[in-house]
Amino acid sequence: MKLHILGSNSNGNGYILEGKSQTLLLEAGLPLKDVKEALNFDLTKVVGGIVSHLHGDHSKCASDFIKNGIPLWMNLETAEHIANGKSSSLIFCITAGKQFSIGEFKIIPFSVKHDVPCLGFMINHPESGNILFVTDTHYIPNRFKGLNQILIEANYEASILDNNLYDGKIDNTRYQRVLRSHMSVETCVEALKANDLKGVQNIVLIHLSPQNSDADLFKSKVVEATGKNVHIALKGLVIDFSLNPY
Ligand SMILES: [Zn+2]
């Protein structure tokens, strides 16, 4: 299993879990062309995609994915937003706590804490084990068992955000919104430490704010707290998500 990072910030979010015979798309915030390029213009393995919430940086290309025959799973609010009054046989509604499958991928969605209804996901596939995917939340209310791979938001650092407010680089409305809807690196570390990380092979820090983050600092903080293999989700990065055979 390979994780492809197409993009991971407010300009557009997209990731691909490419398995040996089946591939799952995570988010629809970047053009299908980017998905095609990452997969050498072969979409035959793509079994579908999941969308966390209706904000454009996660969903703006969903209609295009559907037009091209890719089925998408999402919460009701996102489905209504994307369908825009039309019906589609390729949009599937999911709810927190109810497991569903897309091909060989077994997925449990759970609610997170954003400013619109948003889902996090526990995704299981035999090639990768259990993958936690969580973005756009100011904290994670759940604990997870048997984690093998983690994609987790680390959007801002408290002192960088504060300084940007004092320096006038962001206004108070934006400042308050970030606090209420995105995860700080400090909260990210606490969330990681609250879980058993024994079986975790990779931690990927996603959705870093271009203004309010520091990638090197974030990576070192999470390495120090977890001792794990930590990656920053940079566009174009490909990470081996195959489960160790031992
Ligand atoms: Zn959002």
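For the structure itself, consult the block above.
Counting from 1, residues in each chain are numbered in the order their sequence is written. For this predicted model, a pLDDT threshold of at least 70 governs which residues receive local features, and a threshold of 80 or more governs which side-chain atom pairs are given and counted, while totals over whole chains, interfaces and linings are taken from all residues. Processing note: side-chain calculations cover all non-hydrogen atoms of the structure and skip hydrogens and water entirely.

Novice: Report on the coordination of the zinc ion, specifying residues and quantitative values.
Specialist: Taken together, the protein donors to the zinc ion comprise His53 (NE2), His55 (ND1), His114 (NE2) and Asp136 (OD), at separations of 2.2 to 2.4 Å. Note that water is not among the atoms used; donors are N, O and S atoms within 2.8 Å of the metal (3.2 Å for Na, K and Ca), so sites may look incomplete. Site shape is set this way: if four donors have all angles between 85 and 135 degrees, tetrahedral; if opposite donors are over 155 degrees apart and all others between 65 and 115, square planar for four donors and octahedral for six; otherwise irregular. Coordination at the zinc ion comes from four donor atoms whose angles at the metal span 90 to 177°, giving a geometry best classed as irregular. Between consecutive donors of the zinc ion, the numbers of intervening residues give the motif H-x1-H-x58-H-x21-D. On the criterion of sequence distance, the pair formed by His53 in the loop between strand S4 (46-50) and helix H2 (56-59) and Asp136 in the loop between strand S10 (129-134) and strand S11 (147-153) is long-range, its members being 83 residues apart. Partly exposed residues are those whose accessible area sits between 20% and 50% of the maximum for their type, while under 20% is buried and over 50% is exposed, using a 1.4 Å probe and protein chains only. We classify His53 as buried; its relative accessible area is 0%. Numbering of helices and strands runs from the N terminus; a helix is a DSSP stretch of H or I covering at least four residues, while a strand is a stretch of E covering at least two.

Novice: Summarise the sheet that holds strand S7 (residues 100-102); cite the residues concerned and give the values.
Specialist: Strand pairing within a sheet occurs via backbone hydrogen bonds; the two strands may be parallel or antiparallel. With respect to topology, seven strands assemble into an open sheet ordered S7-S8-S9-S10-S11-S12-S13, the strand pairing being mixed. Among the strands making up the open sheet, the edge pair consists of S7 and strand S13 (229-232). The average angle at which neighbouring strand axes cross in this sheet is 20°, direction not considered. Pairing between strands is defined by DSSP: at least two bridges between them are needed. Summarising the sheet, S10 and S11 pair through five bridges and their orientation is parallel. By the bridge assignment for S11, Leu132 is matched with Ile150. In this analysis, two residues are considered to be in contact whenever any of their non-hydrogen atoms come within 4.5 Å of each other. Geometry is summarised by axes, namely lines fitted to C-alpha atoms with helices restricted to the contacting stretch, and by angles between N-to-C directions that run from 0 to 180 degrees. In this fold helix H7 (residues 185-193) packs onto S11 and strand S12 (202-206), with an angle of close to 160° to the strand it touches most, S11. Sheet contacts for helix H8 (residues 215-226): S12 and S13; angle to S13, the most-contacted strand, approximately 160°.

Novice: Describe in detail unusual backbone geometry, supporting the description with residues and values.
Specialist: Positive phi values are uncommon outside glycine, yet Glu27 reaches one of about 75°. Considering the arrangement of structural elements, one finds Glu27 in the loop between strand S3 (23-26) and helix H1 (32-38). Phi is positive for His207, close to 55°, though the residue is something other than glycine. Among the secondary structure elements, His207 is positioned in the loop between S12 and H8.

Novice: Could you give an account of the packing of aromatic side chains, naming the residues involved and the relevant values?
Specialist: A pair of aromatic rings is counted whenever rings of Phe, Tyr or Trp (Trp by its six-membered ring) have centres within 6.5 Å, and the orientation is called stacked for planes under 30 degrees apart, edge-to-face for over 60 and tilted otherwise. Tallied over the full model, the rule gives five aromatic pairs. Between Trp73 and Phe92, the aromatic rings sit 4.6 Å apart at their centres with planes inclined by 15°, giving stacked as the arrangement. Placement of the pair is Trp73 in strand S5 (residues 72-74) and Phe92 in strand S6 (residues 91-93), with a sequence separation of 19 residues. Put simply, the rings of Tyr15, Phe121 and Phe133 touch in pairs and so form one group of aromatic residues.

Novice: Can you explain the pattern of salt bridges? Please cite residues and give values.
Specialist: Where charged atoms from two side chains of opposite charge come close, those side chains can pair. Any carboxyl oxygen of Asp or Glu within 4 Å of a side-chain nitrogen of Lys or Arg constitutes a salt bridge here. The full count for this structure, using the stated rule, is six salt bridges. Ionic pairing is found between Asp34 and Lys33, a salt bridge with its closest N-O pair at 3.4 Å. Judged by its relative accessible area of 12%, Asp34 is buried. One connected set of salt bridges, linked through shared partners, spans Lys2, Glu18 and Lys45.

Novice: Tell me what's going on with the packing of H7 against H8, and back it up with residues and numbers.
Specialist: It is the contact of H7 with H8, at a shortest axis distance of 10 Å, that shows an interaxial angle of 25°. In terms of their interaxial angle, H7 and H8 are classed as roughly parallel. Relative to H8, H7 is oriented so that their crossing is right-handed. Judged by residue contacts, Val185, Val189, Leu192 and Lys193 of H7 engage Phe218, Lys221, Val222, Ala225 and Thr226 from H8. Under the grouping applied here, Gly and all other residues not named as nonpolar or charged are polar, the nonpolar ones being Ala, Val, Leu, Ile, Met, Phe, Trp, Tyr, Cys and Pro and the charged ones Asp, Glu, Lys and Arg. Its residues assigned to classes, the contact of H7 with H8 comprises six nonpolar, one polar and two charged. Orientation labels follow simple angle bins: below 35 degrees gives roughly parallel, above 145 gives roughly antiparallel, 65 to 115 gives roughly perpendicular, and whatever is left gives oblique. If you view the pair so one helix is near and one far, a crossing is left-handed when the near helix is turned anticlockwise from the far one by less than a right angle, and right-handed when it is turned clockwise.

Novice: Describe the state of the cysteines, naming the residues involved and giving the relevant values.
Specialist: Whenever a pair of cysteine sulfur atoms sits within 2.5 Å, that pair is classed as a disulfide. For the structure on display, the rule yields zero disulfides. Between Cys93, a free cysteine, and Cys118, which holds the nearest cysteine sulfur, the sulfur-to-sulfur gap is 15 Å. The exposure class assigned to Cys93 is partly exposed, which follows from its relative accessible area of 48%. With no disulfide of its own, Cys188 has Cys118 as its nearest cysteine by sulfur position, at a separation of 15 Å.

Novice: Outline the environment of Trp73, listing residues and values.
Specialist: Given a relative accessible area of 12%, Trp73 falls into the buried group. C-alpha of Trp73 to C-alpha of Val200: the two residues are 127 residues apart in sequence and 26 Å apart in space. Excluding its chain neighbours within four sequence positions, the residues that come into contact with Trp73 are Val47, Gly48, Gly49, Ile50, Val51, Phe92, Ile94, Phe100, Ser101 and Ile102.

Novice: Which residues make up the sheet that holds S3, and what values go with them?
Specialist: Judged by pairing direction, the sheet is mixed, and its seven strands sit side by side in the order S6-S5-S4-S3-S2-S1-S14 without closing on themselves. Edge positions in the open sheet fall to S6 and strand S14 (238-240), since each of these has one partner strand only. The sheet shows a mean angle of 20° between the axes of neighbouring strands, taken without regard to direction. Alignment of strand S2 (residues 12-18) against S3, held across four bridges, turns out to be antiparallel.

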